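# Structural features, examined
Below are the chains, spelled out letter by letter.
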Amino acid sequence: MKLTSFAVIFVIIISPFIFTSAQEAEAAIQDQKLRYYYDNIIDNAAVDAAFILSNEGSGLTYTGNVKITDARQLAAQAFFDSVYYSFNAKGNPSLTARVDACIPVLVFLESEGFTLYALDEYKNINGQNEIKHIWFPMQHYIGEVLSDRFIIRYTLEDKVYVFDISEHTLREGDYSEFKEEIPYFKDKQTFENLRLAAVKNSVEEKIMAYMDYYNQWTLGRSLSVKLEFPSIDDADWKRALTDEGIIVFAQGFPVLSGKSYKHYALGGARIIRKAPLTGYTYQGVLYYCKTDCEFLQNTVASDPGFNQDSMIYFSNAYEAAAEGYFPCPHCRP
Amino acid sequence: MDKAFWNVLAFLLCAVLMFLFPLMTILDRQDDIAYNIVLAECNRFVDACRDTGYITPDMYLEFTNRISSTGNTYMIRLSHIKRSVTPVYKQIDGNLSFTGEYEITHVKYGEHDILDVLYPDNSALPAHDKSRRYDMSMGDLFFVEVQNKGKTMATAIKDMILFRDTDYPAIFVRTGGMVRNEAY
């Protein structure tokens, strides 16, 4: 045989392997796209829900003689609307049920405690069993027992509730008020660590308990999704747990290859209010600047010719400019 | 006979290895790049619409220009889902009484409704005219779906080799979400 024949035989032998590996690579790429698509939808919806939470539903519901609706309810509704429409599933009960089953738990973190909005079975008004997302009662962030006598209920802020086991008293207040009795509360960092741990553990415990419960009752039903607690980065936990907001767990969307789909999304709903802007008249010119502007504090305020009464406050630059004030050339607000 | 057989086989293999295989690889990569561009541009367009709360002919034109730079033709579906809040009344003995509750209904506007506003029939109006701007309100949902029309080159060649007819799009992107602002 000539060299060309060897080459031909070699190619014939090698080509099935090349073909299969190319197919696998193709499937992996498509799988990646699909996962990205799901991630995108869930993240987007979580951000939408957080947006509603942070606005407390204002502008999205009418007030008046109608009872003020819970922002949480609106946020959950917005989340699922967004997801349903993203999958083009709105109005198709079997598809929405499929999506519901893949997003079994939403966790709403609030200052005083957290609430699960999760799939559960209940009897509806006609006596039929229905599987739907329902609100679970609010849970508090309970920490470990400190000094063998204090049970602490934390909040997302510095406020704590302290229950004294030996005296059977419940007190509430800023953590620094208890620093005489509880040595851990002496410095901010230790308190912060304790608080984060307490929040994380209570949330994790509750979600895991729910997942166990969910896995039990899905057994024997046609819901094939087995819930598992995803591994969440410590940094992500920290980010999620210092803010009011929403955590979403999505699992079991159909994928092409590899591990089953697992994703969590965090939406922070805390609004960080910027400091107001200060407006003042200096040497006959109207200026607005940041409240901590060095020029204002050092030069202007100490000038004897400066009229303190001319100082007013604006909530943003537009408002200041609309009143005819110029931006301060030093701090550039 | 033997030599002729090897020659034909070698010729076929050469054709596959030196022509079809590189061509397919290049076209496949081209599809990947097209997908990435379409995905990025869709996200950009949708985010712009959601953050401002409106669509102008200029925004839409830029979006279509950018995605058509990939060389494929696309089918673009815009959908705007309007939230409207309606009070719930109960009818008792022919009298309507307000239940104190309300209901959120969704009204869906397709790309025809949107494009009719962006490009009205009397197109003497300039592109930045306010009446040619499609406004949405906060809390509405806005989605864009893009898929390629017909077949991309890569799919066409694969179909030819494998004797099949692909009827799903090679490039499919759907993004969107809630409108967050009313900056008009």
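Read on for an overview of the structure.

Let's shift gears to the side chain of B:Asp31. Residues and elements named next belong to chain B. Inspection of the secondary structure puts Asp31 in helix H1 (residues 2–52). Lys158 provides the closest opposite charge to the buried, unpaired Asp31, separated from it by 6.6 Å. Discounting residues that sit within four places of it in the chain, Asp31 has contacts with Thr152, Ala154, Thr155, Ala170 and Ile171.

This part covers the environment of A:Asp100. Residue and element names in this part refer to chain A. For Asp100, the position within the fold is in helix H3 (residues 93–102). The class for Asp100 is buried, based on a relative accessible area of 14%. Here the alpha-carbon distance between Asp100 and Phe80, two residues 20 residues apart in the chain, equals 8.4 Å. If we ignore the near neighbours within four places in the chain, the residues touching Asp100 are Phe80, Tyr84, Leu119 and His133.

Our focus in this paragraph is the layout of surface pockets. Approximately 1200 Å³ is the volume attributed to the largest pocket. Broken down by secondary-structure element, the contributors of at least two residues to the lining of the largest pocket are helix H1 (3–54) of chain A together with H1 and helix H4 (153–162) of chain B. Its residues assigned to classes, the lining of the largest pocket shows 23 nonpolar, six polar and eight charged. In this model, the second largest pocket occupies a volume close to 450 Å³. What lines the second largest pocket is a set of 24 residues, and nearest its centre among them are A:Lys33, A:Leu34, A:Tyr37, A:Tyr38 and B:Phe172. Elements with a contribution of two residues or more to the lining of the second largest pocket: H1 and H3 of chain A together with H1 and strand E6 (172–178) of chain B. Sort the elements by how many residues they give to the lining of the second largest pocket and H1(A) lands first, with seven residues. The residue makeup of the lining of the second largest pocket, split by class, is 18 nonpolar, three polar and three charged.

Overall, the coordinates contain 24 salt bridges over all chains when judged by the stated rule. A:Glu110 is the partner of A:Arg72 in a salt bridge, and the nearest nitrogen-oxygen pair spans 3.0 Å. Residue A:Arg72 is found in helix H2 (residues 71–86), and its partner A:Glu110 is found in the loop between strand E1 (105–109) and strand E2 (114–123); the two are separated by 38 residues along the sequence. The salt bridge involving B:Asp159 is made with B:Arg164; its shortest N-O contact spans 3.0 Å. The class for B:Asp159 is buried, based on a relative accessible area of 5%. Because the salt bridges share partners, they merge into one network encompassing B:Glu41, B:Arg44, B:Glu62 and B:Arg66.

In this section: the interface of chain B and chain A. Of the residues lining the interface, 37 residues belong to chain B; the matching set on chain A comes to 37 residues. Summed over both partners, the interface of chain B with chain A buries about 3000 Å², with 61% contributed by carbon and sulfur atoms. The three residues of chain B that bury the most area against chain A are B:Tyr102, B:Arg174 and B:Met178, which together make up 20% of that side's buried surface. Across the contact surface, chain B and chain A share two salt bridges. Of the charged contacts, one joins A:Asp48 and B:Arg50 as a salt bridge, the two residues approaching to 3.0 Å between their closest N and O atoms. For the pair chain B and chain A, the interface holds seven residue pairs in polar contact (both at pLDDT 80 or more). Elements supplying a minimum of two residues to the side of chain B that touches chain A: H1, strand E2 (74–92), strand E3 (95–109), strand E5 (141–148) and E6 of chain B.

Right, let's get into the sheet that holds E2(A). All names here are of chain A. If you trace the five strands from one edge of the open sheet to the other, you get E3-E2-E1-E8-E9, paired in antiparallel fashion. The open sheet has two edge strands, strand E3 (129–135) and strand E9 (262–268), and neither has a second partner. Here the average twist between neighbouring strands, direction ignored, is 20 degrees. Judged from the seven bridges that link them, E2 and E3 form a sheet pairing that is antiparallel. Note that in E3 the partner of Tyr117 across the bridge is Trp135. In the packing of H2 onto the sheet, contacts are made with E1, E2, E3 and strand E8 (245–251), and the angle to E1 comes to roughly 145 degrees. Seen against the sheet, H3 touches E2, E3 and E8 and runs at an angle of roughly 110 degrees to E8.

As a further point, take the sheet that holds strand E10 (residues 277–282) of chain A. Within a sheet, each strand pairs with its neighbour through backbone hydrogen bonds, oriented either parallel or antiparallel. Residues and elements named next belong to chain A. The mixed open sheet is built from four strands, whose spatial order is E12-E10-E11-E13. The open sheet has two edge strands with one neighbour each: strand E12 (312–314) and strand E13 (326–327). When strand E11 (residues 285–290) meets E13, the two strands line up parallel, connected through two bridges. Counterpart to Tyr288 in the pairing with E13 is Pro327.

Conventions we followed
Residues numbered from 1 in each chain as written. Chains lettered and ligands numbered in written order. Predicted model: local features only at pLDDT ≥ 70, side-chain atom pairs only at ≥ 80, totals over all residues. Heavy atoms only, no water. Helix = DSSP H or I, 4+ residues; strand = E, 2+ residues; numbered from the N terminus. Buried < 20%, exposed > 50% of the residue type's maximum accessible area, 1.4 Å probe, protein only. Lys, Arg positive; Asp, Glu negative; His and termini not counted. Salt bridge = Lys/Arg side-chain N within 4 Å of Asp/Glu carboxyl O. Contact = heavy atoms within 4.5 Å. 1 Å grid on protein atoms, 1.4 Å probe; cavity = no way out; pocket = protein on both sides within 12 Å on 5 of 7 lines; lining within 4 Å. Points joined across faces, edges and corners; volume = space filled by probe spheres on them. Nonpolar A, V, L, I, M, F, W, Y, C, P; charged D, E, K, R; others polar. Buried area = accessible area lost by both parts, 1.4 Å probe. Polar contact = N/O pair within 3.5 Å; in protein donor to acceptor, adjacent residues only side chain to side chain. Pairing = 2+ DSSP bridges. Axes fitted to C-alpha atoms, helices over the stretch in contact; angles between N-to-C directions.

Taken by themselves, the reported measurements are silent on function.
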